[in-house]
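Each chain is listed here by its residues.
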Amino acid sequence: MNEKKSVLESCPAKPATLAELIDYADGSIVSKTLIDKPVGTITLFAFDKGQKLSEHTAPYDAVVQIIDGSADITIGGKLETICAGQLIVMPANIPHAVAAKEKFKMMLIMIRA
C-alpha cells in the first residue's frame, strides 16, 4: 500500500513545486498547512470554481501568492484580480474576501507580530 506523505515530509530541505503539494476537490476549498509556528503560518489553499471566503478580518498582516489560476481578492472594498505568479498583501484588521471565478491555488503567509 502506498502511504501519502505529509506535506512537510514531502519537501524538507529539498525543492518542491507548490502547486503539486495540494489538489483540487470538487465543490470545495482544500487547505494544507506547511508551517504553523508562534511567529506565523504558511498554508496552501486550492479553491474549486465558485468557492469563496466571505469578508472577514485578521489581526495580522498576510501575503497571498497565487500559484495556479487567478483569484478575485477584495481588500478594504477594493476588488483586485490576482493571477498565478502574483502576490498581494492583506493588511491586518482590514476586511478582505476571496472568490474563485475559476479554480485556483494560493499560498497564504501570515506573520504574527
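Before reading on, note that the structure itself is shown above.
Residue indices begin from 1 for each chain and proceed along its sequence in written order. Predicted model: local features are reported for residues with pLDDT of at least 70 only, side-chain atom pairs are reported and counted for 80 or more only, and whole-chain, interface and lining totals are derived from all residues. Water and hydrogen atoms play no part in the side-chain values, which are based on all heavy atoms of the structure.

## Observations concerning the nonpolar core
Then, number 1: Residues belong to one nonpolar core when they are buried, are Ala, Val, Leu, Ile, Met, Phe, Trp, Tyr or Cys, and are joined through side-chain atoms within 4.5 Å. Relative accessibility under 20% of the residue-type maximum defines a buried residue, over 50% an exposed one, and the middle range a partly exposed one, all with a 1.4 Å probe and only protein chains included. Ranked by internal contacts, the top residues of the largest apolar core, which has 17 residues, are V64, I73, F104, M106 and L108.
Then, number 2: The secondary structure listing takes helices from DSSP runs of H or I that are at least 4 residues long and strands from runs of E that are at least 2 residues long, numbered from the N terminus. Listed by contribution, the elements that provide at least two residues to this core are β2 (40–47), β4 (62–75), β6 (87–90) and β8 (104–111).
Then, number 3: Sorting elements by how many residues they give to this core places β4 first, with six residues.
Then, number 4: What makes two residues a contact is simply this: any of their non-hydrogen atoms within 4.5 Å. If we skip the residues at most four places from it in the chain, L108 touches T41, I42, T43, F45, A62, V63, V64 and M90.

## A look at the environment of V63
Then, number 1: If you trace the backbone, V63 turns up in strand β4.
Then, number 2: Taking relative accessible area as the criterion, V63 reaches 25% and is therefore assigned partly exposed.

## Some words on the packing of aromatic side chains
Then, number 1: Aromatic rings from Phe, Tyr and Trp, with only the six-membered ring used for Trp, were paired whenever their centres fell within 6.5 Å, and each pair was classed as stacked if the ring planes differed by under 30 degrees, edge-to-face if by over 60, and tilted otherwise. Scanning the model with the defined rule gives two aromatic pairs in all.
Then, number 2: Here F45 and F47 contribute two aromatic rings whose centre-to-centre distance is 6.2 Å and whose plane-to-plane angle is 45°, an arrangement assigned as tilted. In this structure, F45 and F47 share a single accessibility class: buried.
Then, number 3: Arranged with centres 4.5 Å apart and planes meeting at 15°, the rings of F47 and F104 form a pair that is stacked. Taken together, the residues F47 in strand β2 and F104 in strand β8 connect sequence positions 57 residues apart. In terms of burial, F47 and F104 fall into one category: buried.
Then, number 4: Joined through ring pairs, the aromatic side chains of F45, F47 and F104 make up one cluster.

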